[in-house]
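Residue strings, one per chain:
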Amino acid sequence: MSTDLVRVRTGVYHDSVSLMRVSQAVTGLPGVEVAVVAMATELNRGIAAELGFDLPETGPADLLIAVRSDDPAALEAAAAELDRLLAGLAGRTGGGTAAEHAPRTVRTAARGRAATLALVSVPGEHAFAEAMDAIEAGLSVMIFSDNVPVEQEVLLKRRAGERGVLVMGPDCGTAVIAGAGLGFANVLRPGPVGLVAASGTGAQQVSCLLDQAGVGVSHVLGVGGRDLSEEVGGLSTLRALEALDADPATELIVLVSKPPAPEVARTVREAVAELGTPVVTALLGPGQDDLTAAAESALRALGVAVPAWRSWPAPVPPSPEDRPRDGGQDTGGAGAGRTGAGRAGGSGGITRAGTLRGVYSGGTLCAEARLIAGTGDFTDFGDDAYTRGRAHPMIDPALRLEALSEVPPGDVVLLDVVLGHGADPGPSARLAPGIAAAVARGVPVVVALVGSEGDPQGLNAQAEAVRAAGAAVFTSNAQAARHAAGLLASAR
């Protein structure tokens, strides 16, 4: 019989990403069935209630802790580990006596300091007030929070324009300011390329490919995935372009976006034509350059040779006599260097038409792969619909693993693995068993691995681990998408 541990800590605040990591760590402990460690907002209370926890009265400023185990000793050990993890958070955020005198507002915190930027990472319904407070204090602001209404985004960006500051976001997952990474950020060498990105993972893809070619970045200014929508009108994109154009350390600008609204794209291109700094654009859409092509164009503009982008072929499938006799499904992945290798579903008499399944954590990577493949069923598990009350899939792959487990033989899976600070510290450890199981039942798996050599997870180590599980691995998402589409075509 399971036992629940439910606690409330009043007046203790930690940002949502930190608490999601704590929840994930505690859930992974031996004997723990589930753990919810979150601020007691209405949404988070609802999630805990749906899991069957009996909750006391709380306020949104309270920290809610709910852990379940069928082993009293395991529950006690989880409580001790939870206390240790939360103490670590308090130490990093200035808990204890110092916290009693901490500023109550962004404007107060900025007063008397040489601050130029505020980072907002609070539940979406509270982000507007904090971001506006930062703008009124004369600060640029990165809004990591998602689920912010678009009407509030427009108000923030218009006011920022009046105040001469920049709003990055909402839902800005990645930024690099003068070498300092914010949010999900790769370890990148310094260099002459500045990025403006209405796309977090798009910026990561381009900057990591540049890094692979030996070229670094000056700044990466994320503007939020909706910035080039008709509603927002590119307000932050235009401001970011101006800022990089005025930056003496930036010799080339790369502009990256999910498919933009046509009229907004036209306005942005007109603004680009007026800049003194050359600009390479990757505004994804039919007939436009993909992210890899944009990175290659940037290299050529700088006079740098385009390298062969790193890839790791899947293990060679077993010979026919070594394949299972119960249905004859192919247990191997597809070789990255061979057209038509690794038939989806093997020779087990599967007659259904296969489908390319895109199982993505990055929205722009997902959109790019869908455009390149031209067919398939693609899901962006980083979309707001999937992240309400749960960790981003770059941190927690649970939803993607569930989707991977349901892919039938005859289909091909294409997924991304994104490295860097803020992301899962060891993604291959959790993904590899799911990949191996899919390959064993005749589902070829292709991985787009986005990362740099300096990332803490280890680019080569992660590539080798997922390759050993049976996947073909590419550092170019565009190449991965073409390879996966080719595998599906060859299997029909």
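Residues numbered from 1 in each chain as written. Predicted model: local features only at pLDDT ≥ 70, side-chain atom pairs only at ≥ 80, totals over all residues. Heavy atoms only, no water.

Comments concerning the overall build of the protein chain
Across its full length, the protein chain holds 16 helices and 18 strands. Out of the 492 residues belonging to the protein chain, those deemed buried represent 52%. Accessible area for the protein chain stands at about 20,400 Å²; split by element, carbon and sulfur atoms hold 52% of it. (Helix = DSSP H or I, 4+ residues; strand = E, 2+ residues; numbered from the N terminus. Buried < 20%, exposed > 50% of the residue type's maximum accessible area, 1.4 Å probe, protein only. Areas by Shrake-Rupley, 256 points an atom, 1.4 Å probe, with all protein chains shown as cover.)

Some points on the pattern of salt bridges
This structure, assessed with the given rule, holds 19 salt bridges. In this structure, Arg310 and Glu453 form a salt bridge, with 2.6 Å as the shortest nitrogen-oxygen distance. Of this pair, Arg310 sits in the loop between α10 (291-301) and β13 (311-312) while Glu453 sits in the loop between β17 (445-450) and α15 (459-468), placing them 143 residues apart in sequence. For Arg310, a relative accessible area of 28% corresponds to the partly exposed category. On the basis of relative accessible area, Glu453 is assigned to the partly exposed category, the value being 48%. For the salt bridge of Arg430 with Asp396, the shortest nitrogen-to-oxygen distance reads 3.4 Å. Of this pair, Arg430 sits in helix α14 (residues 427-440) while Asp396 sits in the loop between α12 (384-387) and α13 (398-405), and the two are 34 residues apart along the sequence. (Salt bridge = Lys/Arg side-chain N within 4 Å of Asp/Glu carboxyl O.)

So, the packing of aromatic side chains
Using the criterion set out here, one finds 3 aromatic pairs in the structure. Lying over the aromatic face of Phe53, Arg68 brings its terminal NZ or CZ to 4.3 Å of the ring centre. (Phe/Tyr/Trp six-rings, centres within 6.5 Å; stacked < 30°, edge-to-face > 60°. Lys NZ or Arg CZ within 6 Å of the ring centre and 35° of its normal.)

Some points on the sheet that holds strand β8 (residues 180-183)
Within the open sheet, the 6 strands sit side by side as β8-β7-β10-β9-β11-β12. Their pairing is mixed. The open sheet has two edge strands, β8 and β12 (279-283), and neither has a second partner. Direction aside, neighbouring strands of the sheet carry axes that sit 20° apart on average. Here 6 bridges tie strand β9 (residues 190-198) to strand β11 (residues 252-257), and the two strands are oriented parallel to one another. Note on β11: the bridge partner recorded for Ala198 is Ser257. (Pairing = 2+ DSSP bridges. Axes fitted to C-alpha atoms, helices over the stretch in contact; angles between N-to-C directions.)

Observations concerning the pairing of β11
Counting buried residues along β11, 6 of its 6 residues qualify, which places the element largely inside the surrounding structure. With burial as the criterion, each face of β11 is covered, one bearing Leu252, Val254 and Val256 and the other bearing Ile253, Leu255 and Ser257. In this region the chain leaves β11, passes through helix α9 (residues 262-273) and returns to the parallel neighbour β12; the handedness of that crossover is right-handed. (Right-handed = clockwise from strand over helix to strand, strands pointing away.)

Some thoughts on the packing of helix α8 (residues 235-245) against α9
With their axes 10 Å apart at the nearest point, α8 and α9 run at an angle of 10° to one another. Classified by the angle between their axes, α8 and α9 sit roughly parallel to one another. Residues Thr237, Leu238 and Leu241 of α8 lie in contact with α9, whose contacting residues are Thr267, Val268, Ala271 and Val272. Taken together, the residues that form the contact of α8 with α9 break down as 5 nonpolar, 2 polar and no charged. (Parallel < 35°, antiparallel > 145°, perpendicular 65-115°, else oblique. Contact = heavy atoms within 4.5 Å. Nonpolar A, V, L, I, M, F, W, Y, C, P; charged D, E, K, R; others polar.)

Re unusual backbone geometry
A cis geometry characterises the amide bond from Gly169 onward to Pro170, with omega recorded as 0°. By the secondary structure assignment, Pro170 is in the loop between β6 (167-168) and β7 (174-177). We note that Asn147 has phi near 55°; this positive angle belongs to a residue other than glycine. In this structure, Asn147 sits in the loop between β5 (140-143) and α6 (150-163). For Asn147, a relative accessible area of 25% gives the class partly exposed. Phi at Ala178 takes a positive value of approximately 50°, unusual for a residue other than glycine. Structurally, the position occupied by Ala178 is in the loop between β7 and β8.

Describing empty space enclosed by the protein
Applying the stated rule across the entire model yields 4 cavities of 30 Å³ or more. Estimated volume of the largest cavity: approximately 80 Å³. Looking at the lining of the largest cavity, the elements that each hand over two or more residues are β16 (412-418) and α14. Its residues assigned to classes, the lining of the largest cavity comprises 8 nonpolar, 1 polar and 3 charged. Space inside the second largest cavity adds up to approximately 50 Å³. Surrounding the second largest cavity, Phe381, Tyr386, Arg390, Ala391, His392, Pro393, Asp396, Ala398 and Leu399 form its lining. For the lining of the second largest cavity, a count of residues per class yields 6 nonpolar, 1 polar and 2 charged. (1 Å grid on protein atoms, 1.4 Å probe; cavity = no way out; pocket = protein on both sides within 12 Å on 5 of 7 lines; lining within 4 Å. Points joined across faces, edges and corners; volume = space filled by probe spheres on them.)

Here we look at helix α1 (residues 16-27)
One turn of the α-helix equals 3.6 residues, which is why residues spaced by three or four share an orientation. Spanning 12 residues, α1 covers 16 Å between terminal C-alpha atoms, matching the ideal 16 Å at 1.5 Å per step. Among the residues making up α1, those that are buried are Val17, Ser18, Leu19, Val22, Ser23 and Val26. (Expected span 1.5 Å × (residues − 1).)

Focus: the sheet that holds β13
The strand order across the open sheet built from 6 strands is β13-β18-β17-β16-β14-β15, with neighbouring strands paired in mixed fashion. At either margin of the open sheet sits one strand with a lone partner, and together these are β13 and β15 (377-380). The pairing of β13 with strand β18 (residues 472-474) spans 2 bridges and is classified as antiparallel. Considered in β18, the bridge of Ser311 is made with Phe474.

Details of the confidence of the model for the protein chain
This prediction gives the protein chain a mean pLDDT of 88; 90% of its residues lie at or above 70. With pLDDT under 50 throughout, residues 94-100 is counted as low confidence; its partners more than four residues away or in other chains account for 2 contacts. When the criterion is pLDDT under 50, residues 323-351 qualifies, and its contacts beyond four places in sequence or with other chains add up to 76 contacts. (pLDDT = per-residue confidence, 0-100.)

Here we look at the side chain of Ser476
Tracing the backbone through its elements, the reader meets Ser476 in the loop between β18 and α16 (477-490). Judged by relative accessible area, which is 0%, Ser476 ranks as buried.

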